[in-house]
Amino acid sequence: MSLSLFDLKTQSALLKPLIKQKIEAVLEHGAYINGPEVAEFERQLAALSGAKAAVGVSSGTDALVIPLMALGVGPGDAVFIPAFTYNATANAVLLAGGTPVFVDVDEATFNIDPGQLEDQIDRIKLRSKLNPKGIIPVDLFGLPADYAAINAIAQKHGLFVLADAAQSFGGGQDGARVGALAPVTATSFFPSKTLGGYGDAGAILTQDESLVPVLQSIRWHGTDEARKESIRVGMNGRLDSLQAAVLLAKLTVFEDEHRRRAAVGAAYDAALKDVVTVQALPPGTRHARGLYSVLVSDRPKFQESLKAAGVPTGIYYGMPLHLHAAFRSFCNGPGSLPVCEGLAQHIVALPMHPYLTEAEIAQVTGAVRRAV
Ligand SMILES: *Cc1c(COP(=O)(O)O)cnc(C)c1O
């Protein structure tokens, strides 16, 4: 059997008639920008997640940058982010003109550690000229961060919370869904995310309706509602009608796909937790299972062994952000964030998608158990 880390083909075969029909509708009406699909998709996203409103945008990165602009992040502002994430989280802060402050993660959940977060906020307040402005928790691999703790810290220090939920759409916590866990949430529809388009796309979900016209203005070059005058700095951050059409088709199977991802995750956890370190799943948490990563002691040997058994693996992430050349000047260098640095050496991703069969799951878990 030939396995893959992600499987975009099975789903596209399944949905092809519906996707074609929705794309054809766009070709018929010709409103390639801001067509009716965009508003309909935004409506469905908000309904599904429990957010008060959704604003479709051109990528997950723009879904981070636009709220940062709307919240007034600029020079001298510190934005606290975990160092164990995709580079887009740090890029977004810098593109908006702010300064990223890297925070270490929890060794069990791999998400931002609330204790370390408070220490960093105190350190910035006491020892730097930066003004603490906000927090971007990341829901790594689809596991929502500890929003109860993070929202409380934010409130105490007067900071905003912008969730980077690029990997966790479909996840949740204590009965609420991703999109309703933080005041503002950014997500991505890059093809391999839990809800993926056929190209780049993203969305901002918010509980603060007063932010919506500002977000809509920034995504449309900073214009007023009549689009006649620039009233703030903006960008071309729009979601295409064609991407919205594809995503509307994908939404019809999203809940079913989430159940399958959850079942794969549960089967992996049960079969592997005694031989490798699996990501902790705190009670009341709904893991979106965007990626399934474990910690192994000898990663090169482990990957070699799985490859020989026909099981592909990946590494997310082999280098924490604070050690990247582009971000090095914003931290204290190697050794400053020891948990991230350790995770980066030992993390490895296994195949995770909704269409894994029981035989394939057994092939993966068998190969892992033999490898360690
Ligand atoms: C994918 C991803 C992004 C960026 O999304 P794009 O749509 O590729 O711009 C941001 N943050 C995290 C954690 C991601 O995984």
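Sequence order as written defines residue numbering, which begins from 1 separately in each chain. Since the coordinates come from a predicted model, pLDDT governs what is reported: local features require at least 70, and pairs of side-chain atoms require 80 or more to be given and counted, while whole-chain, interface and lining totals use all residues. The basis for every side-chain value is the complete set of non-hydrogen atoms in the structure, without hydrogens or water.

Caption draft 1: Fine view of the side chain of Thr99. Tracing the sequence through the fold places Thr99 in strand 3 (residues 99-103). Setting aside its immediate chain neighbours within four residues, Thr99 contacts Asp77, Ala78, Val79, Val93, Leu130 and Phe330. Numbering of helices and strands runs from the N terminus; a helix is a DSSP stretch of H or I covering at least four residues, while a strand is a stretch of E covering at least two. Contact definition: two residues touch when any of their heavy atoms are within 4.5 Å.

Caption draft 2: Summary view of the sheet that holds strand 10 (residues 277-278). Across the sheet, which stays open at both edges, the three strands sit in the order 10-12-13 with antiparallel pairing between neighbours. Of all the strands in the sheet, just strand 10 and strand 13 (347-350) have a single pairing partner and so form its edges. Bridge count for strand 12 (residues 292-295) against strand 13 is four bridges, and the pairing is antiparallel. By the bridge assignment for strand 13, Val294 is matched with Val348. Pairing between strands requires that DSSP locate at least two bridges from one strand to the other.

Caption draft 3: Structural context of unusual backbone geometry. For the bond from Tyr316 to Tyr317, the omega torsion is 10°, close enough to zero to count as cis. Positionally, Tyr317 belongs in the loop between helix 10 (299-308) and helix 11 (338-346). Phi is positive for Asn34, close to 60°, though the residue is something other than glycine. Following the sequence through the fold, Asn34 ends up in the loop between helix 1 (9-29) and helix 2 (36-49). Residue burial is assigned from relative accessible area. The probe radius is 1.4 Å, only protein chains are included, and a residue is buried under 20% of its type maximum, exposed over 50%, and partly exposed in between. A residue is classified by how much of its surface remains accessible, and Asn34, at 38% relative accessible area, is partly exposed. Of note in the backbone geometry, Phe141 takes a positive phi value of approximately 65° without being a glycine. You can see Phe141 is positioned in the loop between strand 4 (131-135) and helix 6 (147-157). Judged by its relative accessible area of 0%, Phe141 falls in the buried class.

Caption draft 4: Layout of the site of the ligand. We call a residue near a molecule or strand when any one of its heavy atoms sits within 4 Å of it. If you check the shell around the ligand, you find 13 residues, and the closest are Gly60, Thr61, Asp164, Ser188 and Lys193. At a separation of 2.7 Å, an oxygen atom of the ligand approaches a polar side-chain atom of Lys193. Counting residues per element, the ones that place at least two in the shell around the ligand are helix 3 (60-70) and helix 4 (87-95). By the convention adopted, Pro, Cys, Tyr, Trp, Phe, Met, Ile, Leu, Val and Ala count as nonpolar, Lys, Arg, Asp and Glu as charged, and the other residues, Gly among them, as polar. Residue classes in the shell around the ligand are distributed as four nonpolar, seven polar and two charged. Polar contacts, as used here, are pairs of N or O atoms within 3.5 Å; protein pairs need one atom able to donate a hydrogen and one able to accept it. Residues neighboring in sequence count only if both atoms are side-chain atoms.

Caption draft 5: Local environment of the domain arrangement of the chain. For the chain, the assigned domains are domain 1 (9-103 + 110-251) and domain 2 (254-371). Once two parts are put together, the accessible area they lose, assessed with a 1.4 Å probe and summed over both, is termed the buried area. In total, about 3,100 Å² of surface goes out of reach between domain 1 and domain 2, with carbon and sulfur atoms giving 68% of it. Looking at the side of domain 1 facing domain 2, the largest losses of area belong to Phe84, Phe110 and Phe141, adding up to 25% of the total buried there. Salt bridges are identified by distance alone: a Lys or Arg side-chain nitrogen within 4 Å of an Asp or Glu carboxyl oxygen. There are one salt bridge connecting domain 1 and domain 2. For the pair domain 1 and domain 2, the interface holds 13 residue pairs in polar contact (both at pLDDT 80 or more). Among the secondary structure elements, those contributing two or more residues to the side of domain 1 that touches domain 2 are helix 1, strand 2 (77-82), helix 4, strand 3, strand 6 (172-173) and helix 8 (241-251). Domain segmentation is taken from an automatic or database assignment of domains.

Caption draft 6: The sheet that holds strand 7 (residues 176-177), seen in detail. Taken in spatial order, the three strands make up an open sheet running 7-6-11, and their pairing is antiparallel. The sheet terminates laterally at strand 7 and strand 11 (285-286), the two strands that pair on one side only. Taken together, the two bridges between strand 6 and strand 7 define a ladder with antiparallel strand orientation. Residue Gly172 lies in a different strand from strand 7, and its bridge partner there is Arg177.

Caption draft 7: Up close: the packing of helix 10 against helix 12 (residues 358-371). Fitted lines through C-alpha atoms give the axes, limited to the stretch in contact for helices. The angle between two N-to-C directions lies from 0 to 180 degrees. Contact pair helix 10 / helix 12: the axes reach a minimum separation of 9 Å and the direction vectors enclose 135°. It follows that helix 10 is oblique to helix 12 by the angle criterion. The two elements helix 10 and helix 12 meet at a crossing, and its hand is right-handed. In this structure, helix 10 uses Lys301, Phe302, Ser305 and Leu306 to contact helix 12, whose residues at the interface are Ala367, Val368 and Ala371. For the contact of helix 10 with helix 12, a count of residues per class yields five nonpolar, one polar and one charged. Convention used here: angles under 35 degrees read as roughly parallel, angles over 145 as roughly antiparallel, angles from 65 to 115 as roughly perpendicular, and any remaining angle as oblique. In a left-handed crossing the near helix is turned counterclockwise from the far helix by less than a right angle, and in a right-handed crossing that turn is clockwise.

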